[in-house]
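Inside the fold
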Amino acid sequence: GLIITMSYGATNPNDVKVLNDFRKGLENPELLKWPEEGDDPCGPPLWPFVYCSGDRVTQIQAKDLGLRGTLPHNFNQLSELFNLGLQRNNLSGMLPTFSGLSKLKYAFLDYNAFDAIPADFFDGLSSLMVLTLEKNPLNVSSGWSFPMDLEKSVQLTNLSLAFCNLVGPLPDFLGRLPSLTQLSLSGNKLTGAIPATFAQSSIQDLWLNNQEGGGLSGPIDVIASMILLRHVLLHGNQFTGPIPQNIGNLTSLQELNLNSNQLVGLIPESLAHMELEILVLNNNMLMGPIPEFKAANVSYDNNLFCPPEPGLQCSPQVAVLLDFLDKLNYPSFLISDWVGDEPCTRSTGSWFGLSCNSNSEVSVINLPRHKLNGTLSPSLAKLDSLLEIRLAGNNITGSVPGNFTDLKSLRLLDLSDNLSLIHI
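Residues numbered from 1 in each chain as written. Predicted model: local features only at pLDDT ≥ 70, side-chain atom pairs only at ≥ 80, totals over all residues. Heavy atoms only, no water.

**Section: unusual backbone geometry**
- Here the amide bond leading from G43 into P44 is cis, since omega sits at 5°, within 30 degrees of zero.
- Here P44 and P45 are connected by a cis peptide whose omega angle stands at -10°.
- Relative to the assigned elements, P45 resides in the loop between α1 (13-24) and β1 (50-53).
- You will see that N165, though not glycine, has its phi angle at about 70°, which is positive.
- Here N165 is to be found in the loop between β10 (158-160) and β11 (166-168).
- Residue classification places N165 among the buried residues on the basis of a relative accessible area of 13%.
- Positive phi outside glycine occurs at N302, with the angle close to 60°.
- Among the structural elements, N302 can be located in the loop between β22 (298-299) and β23 (304-310). (Helix = DSSP H or I, 4+ residues; strand = E, 2+ residues; numbered from the N terminus. Buried < 20%, exposed > 50% of the residue type's maximum accessible area, 1.4 Å probe, protein only.)

Right, here's the structure in full:
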């Protein structure tokens, strides 16, 4: 008969060298239970935590073993490696470059103590799907900026670089990665705006919360176009402007946390109607009425709402003045002063820039030369009591609303020196 000999060829010698260098860099290599004189990780018997295909090492799965030490600089010579699990150990020192690991799909390096990352670490990772570097004290003193090489990792679905000292802006390419569904960048030192490219992205979980030292800024309008979003954590930044009116388009959204930003304006009706699991709006400068929310769990303390209970409307005067602010893009010096539901009767006098008559009705709007920009609100025509509108020397554009002719008591309308304003 035919005799078939199964030869377990000795493991690729270079793979053996890399694994033995890995072992030598550990303070407690005994935890791996690798044979002392071993030169054949691909066995039999296979070395623990090592997986092979033929004579090549394809996986190392050694998570949560308490390993202490460093990774060898030649680690990227494991050229057939596709799955690496070293998370939740005490590995430290400089990460070796992963440059050229073109088969690598999964790299779990989170919850270690790596303290530096080489500039070419992400070069050529063309198959990468999941990368987690969360909770590593990388480049503590200077921080490190977003790796542009990741633009070529078009298979990337899950990227977690949370709590690892990333600095600088978010790159545009993140919004163009076609498979990216989970992006976790919490607890870094990122700055700047959410890129406009995010509008077309397939991201479902967007975690940008708790940036140190100022944080991300600009409007959050782009998120209303990210229709696959499920969990959005934007808290602990410096986002400004109103919550987008069309946020109700996010039909998959389950959690939205906007706590501790500088968001202004009224809460959109579409947001109030969303049946979210968690909605957190605390510590902003949101104004107007508190709607009756449909969210299961909602908090909105420390804002500038007019009546303090949900479901009540602001007084008609305040509703008009808030629309006036809205059309002028919510100037910050007025937001902080125009608080509550009574523009005329507080102990310190009326709201800044307003005068009132004896019936506690606004009679004068006096805000010349305050760098106001935006347009004039037609709703001002509802304030029958207005005698004077003084808005000279600002940057107001557009045209004067036609219904201002309804203001029967108005005796002065001074809009001079607003360069682009078209007068009726």
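On we go from here.
**A word on the nonpolar core**
- L174 and I223 are the most contacted members of the largest nonpolar core, which has 86 residues in total.
- Elements represented by at least two residues in this core include exactly α1, β2 (56-61), α2 (269-272) and β21 (285-290).
- For this core, the leading source of residues is α1, giving three residues.
- In this structure, L174 is in contact with F146, L159, L180, L183, L185 and F198, ignoring residues within four places of it in sequence. (Core = buried A, V, L, I, M, F, W, Y, C linked by side-chain atoms within 4.5 Å. Contact = heavy atoms within 4.5 Å.)

**A look at the side chain of N282**
- Within the secondary structure, N282 sits in the loop between β20 (278-280) and β21.
- Exposure remark for N282: the relative accessible area of 14% places this residue in the buried category.
- When sequence neighbours within four positions are dropped, the list of residues in contact with N282 reads L258, N259, S260, S299, Y300, D301, N302 and N303.

**A look at helix α3 (residues 316-327)**
- Here α3 contains 12 residues, and its C-alpha end-to-end distance of 17 Å stays within 8% of the 16 Å for a straight helix at 1.5 Å per residue.
- Those residues of α3 that fall on the buried side of the exposure criterion are Q317, V318, V320, L321, L322, F324 and L325.
- Those residues of α3 that are buried lie in contact with β19 (262-266), β21, β23, α4 (332-335), β24 (354-356) and β25 (362-366).
- Just beyond α3, the residue with positive phi is N329, at close to 60°. (Expected span 1.5 Å × (residues − 1).)

**A short note on the state of the cysteines**
- Inspection of the entire model under this criterion finds three disulfides.
- C344 shares a disulfide with C356; S-S distance 2.0 Å. Judged by the sign of its S-S torsion, about -80°, the cystine formed by C344 and C356 is left-handed. Of this pair, C344 sits in the loop between α4 and β24 while C356 sits in strand β24; the two residues are 12 residues apart in sequence, bridging distant segments of the chain.
- Residue class for C356 comes out partly exposed when judged on its relative accessible area of 25%.
- Across the protein chain, the way the bonded cysteines pair up, counted in sequence order, is 1-2, 3-4, 5-6. (Disulfide = S-S within 2.5 Å.)

**Quick notes on the pairing of β2**
- The buried fraction of β2 amounts to five of the six residues, a majority that puts the element mostly inside the structure.
- Here β1 pairs with β2 via four bridges, running antiparallel. Each bridged residue has a counterpart across the sheet, and for V50 the counterpart in β2 is I60.
- Bridge analysis of β2 against strand β4 (residues 83-85) gives three bridges, and the strand direction is parallel. (Pairing = 2+ DSSP bridges.)

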